[in-house]
Amino acid sequence: MDLRLHDTLTREKRTFVPLDPKNVRMYVCGPTVYDFAHIGNARPVIVFDVLFRLLRHLYGEAHVKYVRNITDVDDKINDRAARDFPGLPLNEAIGKVTEETGRQFHADVDALGALRPSVEPRATEHIGEMREIIEKLIAGGFAYVAEDHVLFSPQAMNAANSELPRYGALSNRSLDEMVAGARVDVAPYKRGNTDFVLWKPSKPGEPSWPSPAGIKAEGRPGWHIECSAMAWKHLGTHFDIHGGGIDLVFPHHENEVAQSCCAFHQSRMANYWMHNGFLQVESEKMSKSLGNFITIRDLLADWPGEVLRLNMLKTHYRSPIDWTLKSLEESGKTLDDWYRVAADVPPGKPATSVIEPLLDDLNTPQTIAALHGLRNASDAAGLTASLRLLGFLSETAAQWEGRKRQASGVDASEIDRLISERTAARARKDFKESDRIRDQLAAMGVAIKDSKEGTTWEIAR
Ligand code: AMP
Ligand code: ZN
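Colleague: Tell me what's going on with the nonpolar core, and back it up with residues and numbers.
Modeller: Burial of nonpolar side chains together is a common tendency in soluble globular proteins. Ile 39, Leu 51, Ile 241, Trp 323 and Leu 371 are the most contacted members of the largest nonpolar core, which has 66 residues in total. Considering each element in turn, this core owes the most residues, ten residues, to helix α1 (residues 42–59). Sequence-distant contacts of Ile 241, that is, excluding residues within four places in its chain, are made with Leu 5, Phe 16, Arg 25, Met 26, Tyr 27, Leu 51, Leu 55, Ala 270, Tyr 272 and Met 274.

Colleague: Describe the sheet that holds strand β6 (residues 149–152), with residues and values.
Modeller: The antiparallel open sheet is built from four strands, whose spatial order is β5-β6-β7-β8. Looking at the sheet topology across the chains shown, the edges are occupied by β5 (143–146) and β8 (219–221). On average, adjacent strands in this sheet sit at an angle of 20° to one another, irrespective of strand direction. In this sheet, β8 lies alongside strand β7 (residues 196–201) in antiparallel orientation, the contact comprising three bridges. By the bridge assignment, Pro 201 is partnered in β8 with Gly 219. Packed on one face of the sheet, helix α4 (residues 127–139) meets β5, β6, β7 and β8 and runs near 120° to β7.

Colleague: Would you mind going over the domain arrangement of the protein in detail, with residue names and values included?
Modeller: Its domain assignment divides the protein into domain 1 (4–279), domain 2 (324–399) and domain 3 (410–459). One C-alpha centre belongs to domain 1, the other to domain 3, and the line joining them spans 58 Å.

Colleague: Describe the side chain of Asn 69, and please don't skip the residues or the numbers.
Modeller: Among the structural elements, Asn 69 can be located in the loop between β4 (64–68) and α2 (75–84). Given a relative accessible area of 0%, Asn 69 falls into the buried group. Side-chain polar atoms of Asn 69 contact the side chain of Tyr 27, separated by 3.2 Å. Within the local environment of Asn 69, its side chain forms a polar contact with the backbone nitrogen of Gly 30, the two atoms lying 2.8 Å apart. With residues up to four places along the chain from it excluded, the contact list for Asn 69 reads Tyr 27, Val 28, Cys 29, Gly 30, Pro 31, Pro 121, Cys 227 and Met 230.

Cut-offs applied
Residues numbered from 1 in each chain as written. Chains lettered and ligands numbered in written order. Predicted model: local features only at pLDDT ≥ 70, side-chain atom pairs only at ≥ 80, totals over all residues. Heavy atoms only, no water. Core = buried A, V, L, I, M, F, W, Y, C linked by side-chain atoms within 4.5 Å. Buried < 20%, exposed > 50% of the residue type's maximum accessible area, 1.4 Å probe, protein only. Helix = DSSP H or I, 4+ residues; strand = E, 2+ residues; numbered from the N terminus. Contact = heavy atoms within 4.5 Å. Pairing = 2+ DSSP bridges. Axes fitted to C-alpha atoms, helices over the stretch in contact; angles between N-to-C directions. Domains from an automatic or database assignment. Polar contact = N/O pair within 3.5 Å; in protein donor to acceptor, adjacent residues only side chain to side chain.

Okay, structure coming up:
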């Protein structure tokens with residue numbers, strides 16, 4: 001069975017044919033590092049990690065290159081730096097913010113079971129490539145210099161008589177409508193009201209770099225050009241898959257396509273554009289003002305990362321997801337069960353029933369149903385291998401159980417002491433005392449089970 005992926009540009013599922021099966025290339029827009037990542041940001045991380053793992057399974061680990069950038073030039077970073085480190089020079093303060101936030105992001109997504117991408121380029125390390133692309137765009141007549149800015153003209157792109165894609169094709173918008181609907185108070189240096197910034201002057205104290213030819217003052221890049229430059233540097237002018245959240249289709253990805261295709265005179269930047277749907281919390285849009293804004297870090301305090309991972313994959317990546325406590329609790333129970341039956345079993349081969357739905361545009365809900373099927377058929381070796389392929393079972397069953405006990409705040413040695421006391425009471429037929437201890441344990445949230453081998457216990461969630 002072939003891998004089929006939904007392409008945002010053609011709005012259909014198409015069979016995936018890599019440009020070079022020995023070098024399958026994927027780019028996903030990464031975080032802007034100024035604060036803790038929220039659970040919505042975890043969605044593209046988890047979804048494209050599953051795709052990365054699937055591609056490695058299909059084409060071999062050495063033949064897949066996954067690039068996810070770190071955006072470390074941004075106004076939000078500058079604001080945060082000025083607020084948190086008022087005594088430091090701004091550039092030093094920015095360094096502190098991006099380094100610390102980058103570290104937090106890695107710790108969070110590692111805990112979600114996401115593999116590190118093959119390359120994680122930082123925008124600040126690719127200013128030279130950005131300048132080069134911008135100069136090509138100016139030379140080609142797609143961009144112009146005005147008041148120390150460089151602006152890209154979508155109208156110049158669509159007027160060009162060439163192989164170029166149409167500006168607006170990815171996001172399914174017409175440029176004429178965009179022009180008609182644009183705000184009236186556009187910056188005076190813009191020739192057209194849909195023109196967007198490739199480069200802008202830096203304010204005093206802000207990070208700045210030598211500008212593209214034709215501008216004397218130092219400046220800094222716009223956001224969209226960063227991804228065109230990093231994708232070009234690490235994946236070439238034309239690659240297989242470009243991904244991100246649905247909110248990035250316009251303007252970010254539309255502008256990336258425009259920049260890359262016009263600079264390199266080509267009809268495509270990526271062959272498949274993939275976008276994950278949005279996440280909301282308990283049926284409401286997540287926002288700081290509504291007070292329902294949850295960071296990955298907050299959730300990791302209460303749940304193992306694999307529970308968050310499973311919970312994310314229960315919904316198909318293109319659908320909106322409603323993140324609820326109820327669903328998290330169910331995901332927790334499922335993983336407890338899988339750990340019990342599969343974590344310590346030598347893996348067999350990942351099951352076809354698990355892989356096939358993944359090949360159908362990452363149908364993870366169907367994949368999870370297949371995992372339940374393996375569990376019910378007592379195919380522990382198949383379940384183990386399949387779960388590992390999907391990024392689960394990073395711990396042993398004992399570690400999993402131990403962490404749960406720790407997380408629930410119970411003292412394991414105290415429980416073991418009470419259980420021995422209860423065993424002794426039962427041996428001398430003091431059932432009143434043994435029942436009292438059972439109730440005491442229950443009040444601590446501990447459920448016990450007696451069998452021929454002795455008494456075991458677990459946390460009753
Ligand atoms: P940002 O740092 O806001 O640029 O977001 C990083 C990534 O997270 C992008 O791919 C966004 O599309 C994605 N993202 C942000 N918020 C959500 C959300 N609520 N649900 C799903 N994806 C999101
Ligand atoms: Zn991007």
